[in-house]
Amino acid sequence: MADEDILFHHALRLGDDALILGQRLSEWCGHAPMLEVDLALANIGLDLLGQTTHFLNLAGEIEGKGRDADALAFHRDVLDFRNCLLVEQPNGDFAETIARQFLFSNWQELLMKEIATGPDPRLSAIGAKAVKEIAYHAKFASEWVVRLGDGTDESRARMIAALDWMWRFVGELFDPNVGAPSLRAEWDARIARTLADAQLEVPRPRRGVLGGRTGHHSEYLGHLLTEMQFLQRAYPGATW
Amino acid sequence: MTDVRWPLWEVFVRAKNGLAHKHVGSVHAADGRMAIEAARDVYTRRMEGVSLWVVPSSAIVASDPKETTDLFEPAADKVYRHPTFYTIPEGVKNI
């Protein structure tokens, strides 16, 4: 693959991760347990959407076929999306949303730090801006993991079940071919620290489910795209 | 969900260094750290501040509305407490 092609796919993966998780979080808007949490989740979703715009615009620029972030977000089908499977998992209960965010944001923060000091100035500029936002997302999710894990019997049981479900999608983040294997040790250490604070055990290692990075998604993504893309599909180019 | 009543926290924001923290409202949160995060999300989304305080609302002692007359009205006829009450002699530059 030519350098430009590698860079295009890299930007696409980063943009798709942020886009799909941002869309997932927006589903909480108006439904979160409290106003404070509602705003926090919407804020995080909007941060991710901002990152999406930068990464997908860059991907479109590199590709050179006249596609911008909107075209890439709204006019691609499931098989063309390159997000990891973790971010497309449904919101579930609050513990599942928090588990997904906790695992993802801690990974994304390490990744963005690496990108911020990377060789491509366009990518590193986006990474440097995003890393501060993501550090807060990771903090927010980690605080909630501790509150739920070390909370009531019910919150603890839900947190354990949520981590158990999401854990199968961790392997993809560090896959030698499509992930960032060099970040695994630091990520493991961060996760273990928070889980110890939460009086929770680190889930047993398990072979990760792969597929997102090559377009083989779960059934959930199609439903998400149906809702997200409806307007632009029904009224192409619509603005307000 | 079950009906959870988290404690209420009063939120104070310092708009910039050198200014005092100012009361802006309140948030619900299980504890102080979470209250800071909730306050950050609710009250500083648009660069309103550089520092946050949260105080348990239950820690605030308020004056009794019934005593308003006793507490505050006596000040009403003491105009000499305002600096504008005094005329400054001509020729005095700083006072």
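Keep in mind the model is a prediction, meaning the values are calculated, not measured.

A. Inspection of the interface of chain A and chain B at higher detail. Listed by partner, the interface residues are 15 residues for chain A and 13 residues for chain B. Inspection of the region where chain A meets chain B yields three salt bridges. Here arginine 147 of chain A and aspartate 31 of chain B are joined by a salt bridge, their closest N and O atoms 2.5 Å apart. Across the chain A-chain B interface, the total number found is eight residue pairs in polar contact (both at pLDDT 80 or more). Contributions of two or more residues to the side of chain A that touches chain B are made by α2 (35-63) and α6 (121-149) of chain A.

B. Structural view of the environment of leucine 148 of chain A. All names here are of chain A. Tracing the sequence through the fold places leucine 148 in helix α6. Among the residues examined, leucine 148 registers a relative accessible area of 12% and is labelled buried. Sequence separation of leucine 148 and alanine 95 is 53 residues, and the distance between their C-alpha atoms is 7.4 Å. For leucine 148, the contacting residues outside a window of four places in its chain are Phe94, Ala95, Ile98, Ser155, Arg156 and Met159.

C. Region of the structure containing unusual backbone geometry. A positive phi angle, near 60 degrees, is found at glutamine 199 of chain A, a position not held by glycine. Structurally, glutamine 199 of chain A is set in the loop between α9 (184-197) and α10 (219-234). Despite not being glycine, methionine 47 of chain B shows a phi value in the positive range, around 60 degrees.

D. Seen up close, the packing of α6 of chain A against α9 of chain A. All names here are of chain A. Between α6 and α9, whose axes approach to 8 Å, the crossing angle comes to 35 degrees. Like other packed secondary-structure pairs, α6 and α9 cross with a definite hand, here right-handed. For the pair formed by α6 and α9, the contact residues are Ala138, Ser142, Val145 and Val146 on the first element and Arg190, Thr194, Leu195 and Asp197 on the second. Looking at the contact of α6 with α9 residue by residue, the classes come out as four nonpolar, two polar and two charged.

E. Summary view of the sheet that holds strand β3 (residues 51-56) of chain B. Residues and elements named next belong to chain B. Across the sheet, three strands lie side by side as β2-β1-β3; this open sheet has antiparallel pairing. Since the sheet does not close on itself, it has two edges, and those belong to β2 (22-28) and β3, each with one partner. Averaged over all adjacent pairs, the angle separating strand axes in this sheet is 30 degrees, with direction ignored. Here six bridges tie strand β1 (residues 8-14) to β2, and the two strands are oriented antiparallel to one another. Each residue of the ladder has a partner; that of phenylalanine 12, found in β2, is histidine 23. The strands that helix α1 (residues 32-43) touches are β1, β2 and β3; relative to β2, the one it contacts most, it runs at about 115 degrees.

F. Structural context of empty space enclosed by the protein. Applying the stated criterion to the full structure yields two cavities of 30 Å³ or more. There is about 110 Å³ of room inside the largest cavity. The element contributing the most residues to the lining of the largest cavity is α1 of chain B, with four residues. In the lining of the largest cavity, the residues fall into nine nonpolar, one polar and three charged. Its boundaries defined by the atoms lining it, the second largest cavity holds a volume of some 30 Å³. Looking at the lining of the second largest cavity, the elements with two or more residues in it are α1 (3-26) and α5 (94-116) of chain A. The element contributing the most residues to the lining of the second largest cavity is α5 of chain A, with five residues. Among the residues making up the lining of the second largest cavity, the classes are represented as five nonpolar, one polar and one charged.

What counts and what doesn't
Residues numbered from 1 in each chain as written. Chains lettered and ligands numbered in written order. Predicted model: local features only at pLDDT ≥ 70, side-chain atom pairs only at ≥ 80, totals over all residues. Heavy atoms only, no water. Contact = heavy atoms within 4.5 Å. Salt bridge = Lys/Arg side-chain N within 4 Å of Asp/Glu carboxyl O. Polar contact = N/O pair within 3.5 Å; in protein donor to acceptor, adjacent residues only side chain to side chain. Helix = DSSP H or I, 4+ residues; strand = E, 2+ residues; numbered from the N terminus. Buried < 20%, exposed > 50% of the residue type's maximum accessible area, 1.4 Å probe, protein only. Axes fitted to C-alpha atoms, helices over the stretch in contact; angles between N-to-C directions. Left-handed = near helix turned anticlockwise from the far one by under 90°. Nonpolar A, V, L, I, M, F, W, Y, C, P; charged D, E, K, R; others polar. Pairing = 2+ DSSP bridges. 1 Å grid on protein atoms, 1.4 Å probe; cavity = no way out; pocket = protein on both sides within 12 Å on 5 of 7 lines; lining within 4 Å. Points joined across faces, edges and corners; volume = space filled by probe spheres on them.

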